[in-house]
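What follows is the residue order along each chain.
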Amino acid sequence: MTFLLRRALFYLITLWAAITANFLLPRLLPGDPVQAMITKLGGRLNSDAMASLYILFGLDEKKSIWAQYVDYWGALARGDLGLSFTFFPTPVADVLAQSLPWTLGLVGVTTVIAFLLGTLLGVYAGWKRGSWLDNLIPVTTFLSSIPYFWLGLIAISVFSVTFPLLPASGGYAAGLVPEWSGEFVGSVLEHAVLPGITIVISSVAGWILGMRNMMVTVTAEDYVLVARAKGLSRRRIMFAYAARNAVLPSISGFALSLGFIVGGALLVEMVFSYPGLGYVLFQGIGAKDYPLMQGVFLVITLAVLVANLLADVGYLLLDPRTRREG
Amino acid sequence: MTVSGEDRSVALEARGLVKTYRRVRAVQDVSLVLHRGCVTALVGESGSGKSTVAKLLARLVEPTAGEILLDGEKVRRVREYRRKVQMVFQDPFASLNPVHTVRYHLTRPLKIHRRPETVEELLARVNLPADFASRYPHELSGGQRQRVAIARALAACPEVLLADEPVSMLDVSIRLGVLNLLLDLKERLRLAVLYITHDIASARYFADETFVMYGGQLVEGGDSESVTQRPAHPYTQLLIESAPDPERSVAALDAPVEEAAAVSAGCQFAARCPKVQARCWVEAPPRSDVGAGHWAACWLHVRAAGAAA
Amino acid sequence: MNFKTRLGLGILAFFTLLAVIGPWIAPYDPSAMSDDLLSPPSGAHWFGTTTTGQDIFSQVLVGTRGVMVVGLVCGVLATLLSIVVGVTAGFLGGAADEALSALSNVFLVIPALPLIIIVASMLPSADTVLIAAVISLTAWAWGARVLRAQTLSLRRRDFVEAARASGERTWRIIVFEVLPNLTAVIASGFVGTVIFAVMLQITLSFVGVVSLSTWNWGTVLFWAQSNQALGQGAWWWFVPAGLCIALLGTALALVNFGIDEYANPRLRKVRA
């Protein structure tokens, strides 16, 4: 239990750091990003909206930094992340709430698929050293060096433009209303195929390699030798003995590389105009929509931290050593 | 100790050393005196605390209690202390840095302690040819590495040499050579040597004085001949008996020492002692004389006033 | 050194060469427009042209320098930082270790891309070196973590204790006894950081956050995307840049494998 508590405490500290960074950045960097926008939109902002923007971006010169900091936390607690400039006058929180499920769906599903697929392939590749699977390595390396978004571009070019098989953009066909109908769900799935496959192909190589290397190290250990001498079936040894130990670094690596994966997925969304956080962020960049960008950052950070915590739970369940210490 | 006109003064004295790690008392009230030109053996099994004693005396670890006197005084500055007290480690494969040559290993202490000797002279002292200086540790055998480690220790021109199981990891055929080297150096340089080992037989050959350690405490001490030939403490007796000798039947030494987590008030050895009595569990035995300069901490040897021993 | 590693080093050398001489040997000025609008690869334009008639081959060639410079600068900066933090934390232990580890973990977990996007867009003028510095700040944490773990295990080895017993000062022990044993890990970390930095920089350019005045492969893709190259079937606009990125990344990864296999003999290819 102490293991989990320590990790949870760490995540809380990280969240605090991210929030504080968000607070400090507009105040530290030269130039006044938000003031210009406010001036432009001035007439259309009501006083509440103005006040919240002031709190978030520290334009209220009269208050001390500490007072501003307290106000900032207050605004966050209320779920007030300001108004988005791009989607004016929608509050940032609403924009995020709408796009979050799309990202969670896409990233969540593809990451799990890539992890499982990659780990399994890595298990086989590591178990059967010297086989043809080893020759896959340079190929998978090349694939993992391809930027996610470029692969997406190629995918669109091949499967949407040259051979119009799958849709090139959007989360679902235009004109459809989001509802739990077969048509809608079908459209969603159809639109998710290309972005999903892009993410899976780009990220699977990392898992394969990591798992293979660990399997190679583990299969050389004595306890695997003992298991073989005992006469256990090879499949049983491969999974219950070798893979179970070899997968541990992958799991802790999973949590850590989540930030990286999320970054890549955001890009895929941008390329496919997939209505998730990535696409929203992309639109915000063009318009220099700081409230939106900061909101996206916070939400993504929160999601990554939660995922990390879940991975820690998984690690705890798999590795008895942590259980004993915990 | 027979006085033979040579310098046998006290080089290092440890009083009441205690080292506690969390709840484990690794070393409990250990007092030792090392004399110049003498080898003092500290014998014990794994977990007895003997390596910790070496680290304490080398000041690689700070004692929880007790003091260490060098030439009769507490030395504050660690630099100065290190010049006079040097250590040879157990594992010749681990005590040399694989990325550095022999020359580097020997030059460093010469520079640190500003000694005028050359690397070649040091190598000659441990009977290694001068061209070994350009070799890397992985190009040397275990025995050769240990000689380099000894040469490194000698580079500082110390008065005390702490040898933590110097030959345990060497092939049996090599051991004698290294031990003889240490004996020779001891005589010529008038070193005070602490010889830590689990092999009590070698203590008889190599050391002038022998102390036996169990569970963090000293249980017996005296000159090597008496301790090894007429062991007084049951543990020492077990140690002697367990050394392979076809003419004797072997007494079983049971389960290995568990770390003395909770310190009991009685004798630490009570759980494994074949001659244990009721009072052994309750009260820790004091030291009693069993011969000239030979003592043991055991109730068997305590002559209480009016009670039969 | 096996074939994989030599291949990786070869590709790397090739790109380094291009980075140095690229602008000199480019047939056209990458920003110069012409009348040859959006034409496919031909004798005059090996990679074809953009919608404003710019030569894509020259753009990619000149862009190599921007990419390699950022990669190198970030690699050096981030590796230095990771050494300082990681080795110190591993060697000193205790409170210093806890604090430094917490620091690197925070940097590690926080998703880098959105953060850098925000920082880069807030900066008035995001020039290459500044971007490189910002990227370095997010890239050092992984290496620090790995170095800390390695240092922890090295610290317990006898030769470190022996150095202490000889009287070596702590800083000398860290620099001369511990660090030389970490070279493989550091080299591997350096290569990994370069990959990371290159990818990140290209991403930032693609997204339009970084200033578009210097050419790099990401800016080529940015223009391709904003001019709907895909929709118009102009595959030649975005394929070369992407391939270069993939090639460079592969080369760096192969070099890293070489280092891994050198350090861990078990990973070397089994002669079946």
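What you see is a predicted model; the values in this text were computed from it and never measured. (Residues numbered from 1 in each chain as written. Chains lettered and ligands numbered in written order. Predicted model: local features only at pLDDT ≥ 70, side-chain atom pairs only at ≥ 80, totals over all residues. Heavy atoms only, no water.)

Draft legend 1. Just the pairing of strand 9 (residues 217-223) of chain B, in detail. Residue and element names in this part refer to chain B. Of all seven residues making up strand 9, five are buried, and the element is well covered by its neighbours. Across six bridges, the pairing between strand 8 (residues 209-214) and strand 9 is antiparallel. What sits directly across from Met 213, in strand 9, is Leu 218. Hairpin remark: strand 8 followed by strand 9, antiparallel, with two residues in the connecting loop; positive phi at Gly 215, about 55°. Two strands pair when backbone bridges link them, and strand 9 and strand 11 (residues 294-297) are joined in this way by two bridges, in the antiparallel orientation. Each bridged residue has a counterpart across the sheet, and for Glu 220 the counterpart in strand 11 is Ala 296. (Buried < 20%, exposed > 50% of the residue type's maximum accessible area, 1.4 Å probe, protein only. Helix = DSSP H or I, 4+ residues; strand = E, 2+ residues; numbered from the N terminus. Pairing = 2+ DSSP bridges.)

Draft legend 2. A look at the pattern of salt bridges. Considering all chains together, one arrives at 22 salt bridges over all chains under this definition. A salt bridge links Arg 77 of chain B to Glu 80 of chain B, with the nearest nitrogen and oxygen atoms 3.9 Å apart. Residue classification places Arg 77 of chain B among the exposed residues on the basis of a relative accessible area of 54%. For the salt bridge of Arg 172 of chain C with Glu 168 of chain C, the shortest nitrogen-to-oxygen distance reads 3.6 Å. An identical accessibility class is assigned to Arg 172 of chain C and Glu 168 of chain C; each is buried. Among the ionic contacts, a cluster of salt bridges with common partners joins Arg 36, Asp 71, Lys 84 and Glu 159 of chain B. (Salt bridge = Lys/Arg side-chain N within 4 Å of Asp/Glu carboxyl O.)

Draft legend 3. Fine view of empty space enclosed by the protein. Residue and element names in this part refer to chain B. Scanning all chains against the criterion turns up six cavities of 30 Å³ or more. The calculated volume of the largest cavity comes to roughly 80 Å³. Taken together, 14 residues make up the lining of the largest cavity; nearest its centre are Pro 234, Cys 267, Cys 273, Cys 280 and Cys 298. Of the residues that constitute the lining of the largest cavity, the class distribution is 11 nonpolar, two polar and one charged. (1 Å grid on protein atoms, 1.4 Å probe; cavity = no way out; pocket = protein on both sides within 12 Å on 5 of 7 lines; lining within 4 Å. Points joined across faces, edges and corners; volume = space filled by probe spheres on them. Nonpolar A, V, L, I, M, F, W, Y, C, P; charged D, E, K, R; others polar.)

Draft legend 4. How the structure looks around the interface of chain A and chain C. Each side of the interface is counted separately: chain A has 54 residues, and chain C has 49 residues. Of the roughly 4,600 Å² buried between chain A and chain C on both sides combined, carbon and sulfur atoms contribute 79%. In this assembly, chain A and chain C are joined by one salt bridge. A salt bridge links Glu 98 of chain C to Arg 6 of chain A; the nearest nitrogen and oxygen atoms lie 3.7 Å apart. Across the chain A-chain C interface, the total number found is one residue pair in polar contact (both at pLDDT 80 or more). Listing elements by their share of the side of chain A that touches chain C, those giving two or more residues are helix 1 (2-28), helix 6 (136-145), helix 7 (148-162), helix 8 (182-219), helix 10 (234-272), helix 11 (277-287) and helix 12 (290-318) of chain A. Counting residues per element, the side of chain A that touches chain C draws most heavily on helix 12 of chain A, which supplies nine residues. Of the residues belonging to the side of chain A that touches chain C, the class tally is 36 nonpolar, 14 polar and four charged. (Contact = heavy atoms within 4.5 Å. Buried area = accessible area lost by both parts, 1.4 Å probe. Polar contact = N/O pair within 3.5 Å; in protein donor to acceptor, adjacent residues only side chain to side chain.)

Draft legend 5. The packing of aromatic side chains, seen in detail. Tallying each qualifying case throughout the model produces 20 aromatic pairs over all chains. Between Tyr 69 of chain A and Trp 73 of chain A, the ring centres sit 6.4 Å apart and the planes meet at 85°, which makes this aromatic pair edge-to-face. One end of the pair, Tyr 69 of chain A, and the other, Trp 73 of chain A, are both in helix 4 (residues 65-77), four residues apart, so they sit about a helical turn from each other. Where Trp 46 of chain C meets Phe 57 of chain C, the ring centres are 4.9 Å apart and the plane angle is 50°; that geometry is what we call tilted. In this pair, Trp 46 of chain C sits in the loop between helix 1 (3-25) and helix 2 (56-92) while Phe 57 of chain C sits in helix 2, placing the two residues 11 residues apart along the sequence. Residue Trp 46 of chain C is classed as exposed on the basis of its relative accessible area of 57%. Residue classification places Phe 57 of chain C among the buried positions, given a relative accessible area of 16%. (Phe/Tyr/Trp six-rings, centres within 6.5 Å; stacked < 30°, edge-to-face > 60°.)

Draft legend 6. Just the sheet that holds strand 6 (residues 160-164) of chain B, in detail. Residues and elements named next belong to chain B. If you trace the eight strands from one edge of the open sheet to the other, you get 5-6-7-3-8-9-11-10, paired in mixed fashion. Strands at the two margins of the open sheet, each flanked by one partner only, are strand 5 (85-88) and strand 10 (287-291). With direction set aside, neighbouring strand axes in the sheet form an average angle of 20°. Examined bridge by bridge, strand 3 (residues 39-43) and strand 8 share four bridges and lie parallel to one another. Among the inter-strand pairings, Ala 41 is bridged to a residue of strand 8, identified as Thr 210. (Axes fitted to C-alpha atoms, helices over the stretch in contact; angles between N-to-C directions.)

Draft legend 7. Geometry of the pairing of strand 7 (residues 192-197) of chain B. Residue and element names in this part refer to chain B. Judged by how many residues are buried, strand 7 sits mostly within the fold: six of six residues are covered. In strand 7, alternate side chains face the same way, and those of Ala 192, Leu 194 and Ile 196 on one face and Val 193, Tyr 195 and Thr 197 on the other are all buried. Taken together, the five bridges between strand 3 and strand 7 define a ladder with parallel strand orientation. In the strand pairing of strand 7, Thr 40 is matched with Leu 194. Pairing of strand 6 with strand 7, which is carried by five bridges, proceeds in the parallel orientation. Across the sheet, the residue bridging to Asp 164 is Ile 196, located in strand 7. Once you follow strand 6 into helix 6 (residues 172-189) and on to strand 7, the crossover reads as right-handed. (Right-handed = clockwise from strand over helix to strand, strands pointing away.)

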